[in-house]
Amino acid sequence: MRQDLIWRLQAVAFQALFSFLRLLGVERASGLGGWLLRTLGPKTGTQKTVMRNLRIAFPDMPDAEREALALEQWDRTGRTFAELAVMDRLTPEGGRVEVVGMERLHALRDSGKAAVLISGHLANFEVMAAVIMASGLPCQVTYRAANNPYVDALIRQSRERYGIRLFAPKGDGTRELMAGMKRGDSIALLVDQKYNQGPEVEFFGQPVNASPGAARLALKFGAVIQPLSVVRLPGVRFRVTAHEPIMIPETEDKAADVLAGVQAVNRFVEDRVREVPEDWFWVHRRWPDRVYAALGDRLESAARRNGPA
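These figures come from a predicted structure and were not determined experimentally. (Residues numbered from 1 in each chain as written. Predicted model: local features only at pLDDT ≥ 70, side-chain atom pairs only at ≥ 80, totals over all residues. Heavy atoms only, no water.)

### Some details on the pattern of salt bridges
Right, on to step 1. In this structure the tally under the stated criterion is 22 salt bridges.
Right, on to step 2. The partner of D63 in a salt bridge is R66, and the shortest N-O contact between them spans 2.8 Å. Here D63 and its partner R66 are both found in helix 4 (residues 63-83), 3 residues apart, which amounts to about one turn of the helix.
Right, on to step 3. Residue classification places D63 among the partly exposed residues on the basis of a relative accessible area of 36%.
Right, on to step 4. R66 sits in the buried class, given a relative accessible area of 2%.
Right, on to step 5. Salt-bridge contacts for D110 lead to R109; the nearest nitrogen and oxygen are separated by 2.9 Å.
Right, on to step 6. Accessibility expressed as a relative area gives 57% for D110, which makes it exposed.
Right, on to step 7. Of the residues examined, R109 reaches a relative accessible area of 32% and is grouped as partly exposed.
Right, on to step 8. Three or more residues are tied together by salt bridges with common partners; here these are R38, E72, D75, R76, R79 and D279. (Salt bridge = Lys/Arg side-chain N within 4 Å of Asp/Glu carboxyl O. Helix = DSSP H or I, 4+ residues; strand = E, 2+ residues; numbered from the N terminus. Buried < 20%, exposed > 50% of the residue type's maximum accessible area, 1.4 Å probe, protein only.)

Here you go:
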């Protein structure tokens, strides 16, 4: 009962925050979220993770440029969180989202076959889901359920406002996901998070463990892997692009085929991050511990030679 009461109180606070942000409107809500994290983010312990990630990804970047990039990613991350409250206004129909390659999504819709749509935590990644819904493509959108079930219900309601009806919760939604793909429903996945049980591939020249889900599903159902990306434009506007499909080789070595697919989707995300690094979710510990340990050793060595790096 005590836990349930805490959850309910948290949900009331969450609902109040969402209502307040919706009253502010798109521009002011986004700006407030950006200002808050731009101000508070660098003062948190997560700032150390951000800077380590940037050193791993861009080892030759000047320190001043890396610090400016870290500050800007805090601003954009804050905007993304605040914009969740007004996502029903960040759609192609609302005029704030332009789409390049919508014909690819329409072709998938008209084929009646399941597809695997992939991307990463780029800009406001929720905007990509809004574009998928606007295309008319039947698609299950994977998500990690919030620990608080009442807050989770509110988040689902906010997503339903811009068209998401088919949810595939990570972990316990596998059966529904598979049944949906057999019916011809597509699946949308974000593939750029750490997955300790996954195969090892390369990301920014360093090893990472990545989820094999997209590659396995594509091979199992004979589905196209359709990559998407989104970039943030001035004035709380976005551009979503449906790129060339990723083709996975199909040989007698299924493990090698899956590995090739996992590498391909992670290479796609890396390419997009390199294009607009400010838009990526740098607060996540993407690399394994040994990569961070090696970075620490290099910094200590540099400090001994030249003073603090």
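### With respect to the pairing of strand 5 (residues 186-190)
Right, on to step 1. Taken across its 5 residues, strand 5 has 4 buried, putting it largely inside the fold.
Right, on to step 2. In this sheet, strand 5 lies alongside strand 2 (residues 115-119) in parallel orientation, the contact comprising 4 bridges. The partner of V116 across the bridge, within strand 5, is I187. (Pairing = 2+ DSSP bridges.)

### A look at the packing of helix 2 (residues 26-40) against helix 4
Right, on to step 1. Following both chains from N to C, one finds helix 2 and helix 4 inclined at 135°, their axes separated by 7 Å at the closest point. By the angle between their axes, helix 2 is oblique relative to helix 4. The handedness of the crossing between helix 2 and helix 4 comes out as right-handed. Seen from helix 2, the contacting residues are A29, S30, G31, G33, G34, W35, L37 and R38; seen from helix 4, they are L71, E72, W74, D75, T77, G78, R79, F81, A82 and E83. (Axes fitted to C-alpha atoms, helices over the stretch in contact; angles between N-to-C directions. Parallel < 35°, antiparallel > 145°, perpendicular 65-115°, else oblique. Left-handed = near helix turned anticlockwise from the far one by under 90°. Contact = heavy atoms within 4.5 Å.)

### Considering the domain arrangement of the protein chain
Interfaces are often sized by the amount of accessible area the parts lose when they come together.
Right, on to step 1. Partitioning the protein chain into domains gives domain 1 (1-85) and domain 2 (94-278).
Right, on to step 2. Taking only C-alpha atoms into account, the centre of domain 1 sits 22 Å from that of domain 2.
Right, on to step 3. Domain 1 puts 24 residues into the contact, and the matching count from domain 2 is 24 residues.
Right, on to step 4. Buried surface at the junction of domain 1 and domain 2, summed over both partners, amounts to about 2,100 Å²; 64% is from carbon and sulfur atoms.
Right, on to step 5. Along the contact surface separating domain 1 from domain 2 lie 2 salt bridges.
Right, on to step 6. Note that R232 and E83 form a salt bridge whose closest N and O atoms lie 2.8 Å from each other.
Right, on to step 7. Put simply, domain 1 and domain 2 have 9 residue pairs in polar contact (both at pLDDT 80 or more) between them.
Right, on to step 8. Going through the elements one at a time, helix 1 (2-24), helix 2, helix 3 (46-57) and helix 4 are the ones with two or more residues in the side of domain 1 that touches domain 2. (Domains from an automatic or database assignment. Buried area = accessible area lost by both parts, 1.4 Å probe. Polar contact = N/O pair within 3.5 Å; in protein donor to acceptor, adjacent residues only side chain to side chain.)

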